[in-house]
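One-letter residues, chain by chain:
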Amino acid sequence: MSGDRPTLPPVRLNSEAELAREALSAPLLARAVRLARWAGPETRVGAGGELVEEQLPAAAAELGLGDDEDGPAYASEAWRVAVDTGLVDIADAPGATGEDDDAEGTASAGDNLSVLTSGSPHDVLALWLDAFDVVFADATAPVIDDFADLVGEDGEIDFERLEWDPEEEADFLEGVLGNLYLLTVSEAGASEGPVPLPALAASMIVPDDMGEPTDDILEQVSDAMMRLDDQFRILEPIGLVEYEPVDEALMAEVGDEPAPPVDDEDVSRYGMVRLTPLGLYGVRARMLEAGVDAPAVGDLADKGADALLDGIAHFPELSARAETEQWLARREPAAAAGELLAAARGADAGAPLRRLHCQQALALTGASAEPAVRAVLPDPELGGLARVWLAERGAPDVPPPSETMIFWLAIDTIAAQLAVEGDLEELQELVEGLVGQHSGFFDAAWRVEHPATADVLEAMGRLHPDKSTAKEARKAAFKARSRT
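The rules behind each value
- Residues numbered from 1 in each chain as written.
- Predicted model: local features only at pLDDT ≥ 70, side-chain atom pairs only at ≥ 80, totals over all residues.
- Heavy atoms only, no water.
- Helix = DSSP H or I, 4+ residues; strand = E, 2+ residues; numbered from the N terminus.
- Buried < 20%, exposed > 50% of the residue type's maximum accessible area, 1.4 Å probe, protein only.
- Contact = heavy atoms within 4.5 Å.
- Areas by Shrake-Rupley, 256 points an atom, 1.4 Å probe, with all protein chains shown as cover.
- Axes fitted to C-alpha atoms, helices over the stretch in contact; angles between N-to-C directions.
- Parallel < 35°, antiparallel > 145°, perpendicular 65-115°, else oblique.
- Left-handed = near helix turned anticlockwise from the far one by under 90°.
- Patch = residues over 30% accessible without salt bridge, like charges linked within 9 Å, V, L, I, M, F, W, Y side chains within 5 Å.
- Salt bridge = Lys/Arg side-chain N within 4 Å of Asp/Glu carboxyl O.
- Lys, Arg positive; Asp, Glu negative; His and termini not counted.
- Charge placed at Lys NZ, Arg CZ, Asp CG, Glu CD.
- Pairing = 2+ DSSP bridges.
- Core = buried A, V, L, I, M, F, W, Y, C linked by side-chain atoms within 4.5 Å.
- Expected span 1.5 Å × (residues − 1).

Observations regarding the overall build of the protein chain
Of the regular secondary structure elements, the protein chain holds 21 helices and seven strands. With 484 residues in all, the protein chain has 41% of them scored as buried. In the protein chain, the proportion of contacts linking residues at least 24 apart, taken out of those at least 6 apart, comes to 66%. Surface exposure of the protein chain reaches about 25100 Å², of which carbon and sulfur atoms provide 49%.

Pasting the structure below:
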C-alpha cells in the first residue's frame, strides 16, 4: 500500500489571485515590466536581443538605478527576462541580415505585456513561471571571470575548459529546491522558519547512512554552500525565496570558505533561506512538469468521492480535513453524503481506510445529510458508521446494532488504523478498549466475515500489553486463517 502514497506531503497554496499579486511585485519581474513599457523604436539592441552597452545607462535610469554602480547589470538582467518572457519583441533592423553579428535590432512591447493588465491570475502566473525558468538558467550558468582564459589557439572560446556540466548543475539546483520544498511543507502548511544553508547543503552531500562526516565530505558541503549562496542571490529577486546571505565577514581572505558553524547562535551568519508562498507554487510546478507526485490541497475538490477518499488516504490529518472541506463546499450536503457512502463500500485492502475517512467527512456535514445516512442503516459495511454518525448528532430512532455488526465495525476500525500507521500508543488504547468492553471478544472476533480479520487479530496480539490477552489474540488469528 505504501507504494501508492504520494511522493511528497500535500502543500496548501495561496489562491492564484494572491500568488499573482506576489508575482507582479517580485522585483525582477517588476523591472522587466517597466523596461518593456519603456522599450520603443529608439531602443538599441544587439543581434541576440540584448541591450547594447551604450543603452544600459538609460535603462538603469528608467529603473531608478542610475546612481547605482550595479544599475546597468540589473537593467541587463531585467531586459533579458523581458525578452525571454515575451514582454518585449525584438525585430531585425531594416537592411540587417541574419549573418551580421554586429547588426542592431529594434524593440517594441510584446504581446505578453497585456497579460499583466487584462490576463487572469493563472495567465500572470504562467508568465512568472517563464521568468523563473530564465532566472533558473542564470543560476546554473558558469561564472566566467575572464573570457581571455577560455580562448583557444583558433580564437574561439573553449567552454570545455570550464569543466561545467549544465545538466549536472541543473540537477543539483533542482535537488536543492526539492529538499527545501520538503523541509518547508509541514502538517500545518508552510513552515515559517528559514532553513540554514549548511543544513540544506548537507542534505545534498552527506549520505543518509553516514555517521561523522569526513573532512572530504565537509569540504564538499562548504563548496556547495558557496555555490548555493551565489544561486540564492540570483533567485531571490524573482520572488522565489527570502534569503539571508552568508556573512562575508566570515571569510578571512578573498577565496576562503567559511568553517562550519560552531553553535546554533551563529548559524544564521552562514546563510538562511526559505521558500516564499510564490516559491512553493513555482517549485511544485517544476516538480509536476518533471513527473513528480506533488499534491496540493484542493486538487481533489472537483473529483468524485472515490478519488477523494483514496486521495486523502495518507494525507496528514489537517491536510485531509482541509481537502475534504473544499470538496464538500462544492456540493449539496445530502448528495455529497450519498456519494461518500457509495464510495466507501468495498472489500479491497483500502476499503477500511476509505470508510474511516468517509466517517470523518460525514462529521463535517449538516443535518440535511441524515436521509442519505439513514438509507445505509441496513448495509452490513456501512450500517455501523451510520449509527455512530446518527448517535453523535443525537438523532432519534437509531436502531441498535447487532452483535455481528459491532464486531465487524471493530475489525474494520482497527484495519483502518493499521493502514494509516498512526500513533502506536493511540492504537494500543483502542485495542485495549475494545477487548475490555466485550467479554469473550476473541471468541466472537475470529468468526467475523471481514477480509482483514486475521491480520487485525494478529496485530492485536502484537499490540496488547497483557501477555495472556495477546496470546488469545494470536490463537484467534490462527482460527480465522484456518477458517478461510
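A closer look at the packing of helix α7 (residues 166-184) against helix α8 (residues 197-205)
Relative orientation of the contacting elements α7 and α8 amounts to 120°, with a least axis distance of 10 Å. As summarised for this structure, α7 and α8 are arranged oblique, according to the angle between their axes. Every pair of crossing elements has a handedness; the one defined by α7 and α8 is right-handed. Together, Phe-172, Gly-175, Val-176, Asn-179, Leu-180 and Leu-183 of α7 and Leu-200, Ser-203, Met-204 and Ile-205 of α8 make up the contact between the two elements.

Side note on the environment of Val-448
Locating Val-448 in the fold gives a position in the loop between α19 (441-445) and α20 (453-463). Of the residues examined, Val-448 reaches a relative accessible area of 8% and is grouped as buried. Separated by 32 residues in the primary sequence, Val-448 and Ala-480 place their C-alpha atoms 8.4 Å from one another. Leave out the neighbours within four places in its chain, and Val-448 touches Phe-407, Trp-408, Ile-411, Thr-453 and Arg-483.

A word on a positive patch on the surface
Positive charge collects at one region of the surface, where Arg-447, Lys-471, Arg-474, Lys-475 and Lys-479 lie side by side. If you trace the backbone, Lys-479 turns up in helix α21 (residues 467-483).

Focus on the sheet that holds strand β6 (residues 241-244)
Strand order in the open sheet formed by three strands is β5-β7-β6, with antiparallel pairing between adjacent strands. Every interior strand has two partners, whereas the edge strands, β5 (195-196) and β6, have only one. Across four bridges, the pairing between β6 and strand β7 (residues 272-275) is antiparallel. The residue bridging Tyr-243 from the neighbouring strand is Val-273, located in β7.

What to know about the pattern of salt bridges
Note that side chains of opposite charge can pair when their charged atoms are close. Counted by the stated rule, this structure contains 19 salt bridges. Two residues, Arg-286 and Asp-133, come together in a salt bridge whose shortest N-O distance is 2.6 Å. Placement of the pair is Arg-286 in helix α10 (residues 277-289) and Asp-133 in helix α6 (residues 121-139), with a sequence separation of 153 residues. Given the relative accessible area of 36%, Asp-133 is considered partly exposed. One salt bridge in this structure joins Asp-455 and Arg-481, with 2.9 Å as the shortest N-O distance. With a gap of 26 residues between them, Asp-455 in helix α20 and Arg-481 in helix α21 connect regions that are remote in the sequence. Among the residues examined, Asp-455 registers a relative accessible area of 45% and is labelled partly exposed. Connected through salt bridges with shared partners, the residues Asp-455, Glu-458, Arg-462 and Arg-481 form a single ionic network.

Looking at the nonpolar core
The biggest cluster of nonpolar side chains holds 77 residues, and the ones touching the most others in it are Leu-87, Trp-128, Tyr-181, Phe-232, Leu-235 and Leu-240. Apart from residues no more than four positions distant in its own chain, Phe-232 is found in contact with Val-176, Leu-177, Leu-180, Leu-197, Leu-200, Val-241, Tyr-243 and Val-273. Listed in part, the 29 residues of the second largest apolar core include Leu-300, Leu-308, Leu-340 and Trp-389.

Considerations on the environment of Ala-137
By the secondary structure assignment, Ala-137 is in helix α6. For Ala-137, a relative accessible area of 43% corresponds to the partly exposed category. Between the C-alpha atoms of Ala-137 and Pro-166, which are 29 residues apart in sequence, the distance is 9.2 Å.

Brief notes about helix α14 (residues 351-362)
Taking 1.5 Å per residue as the helical rise, α14 with its 12 residues ought to reach 16 Å, and the 16 Å between its terminal C-alpha atoms agrees with that figure. Counting buried residues in α14 gives 10 out of 12 residues, a clear majority hidden from the surface. Listing the buried residues of α14 in full gives Ala-351, Pro-352, Leu-353, Arg-354, Arg-355, Leu-356, His-357, Cys-358, Ala-361 and Leu-362. For α14, the secondary structure elements touched by its buried residues are α11 (305-311), α12 (317-329), α13 (333-344), α15 (370-374), α16 (383-392) and α17 (403-420).

Side note on the pairing of β7
Neither face of β7 is open: one carries Met-272 and Arg-274, the other Val-273 and Leu-275, and all of them are buried. Inspection of the sheet shows β5 paired to β7 by two bridges, in the antiparallel sense. Counterpart to Pro-196 in the pairing with β7 is Met-272.

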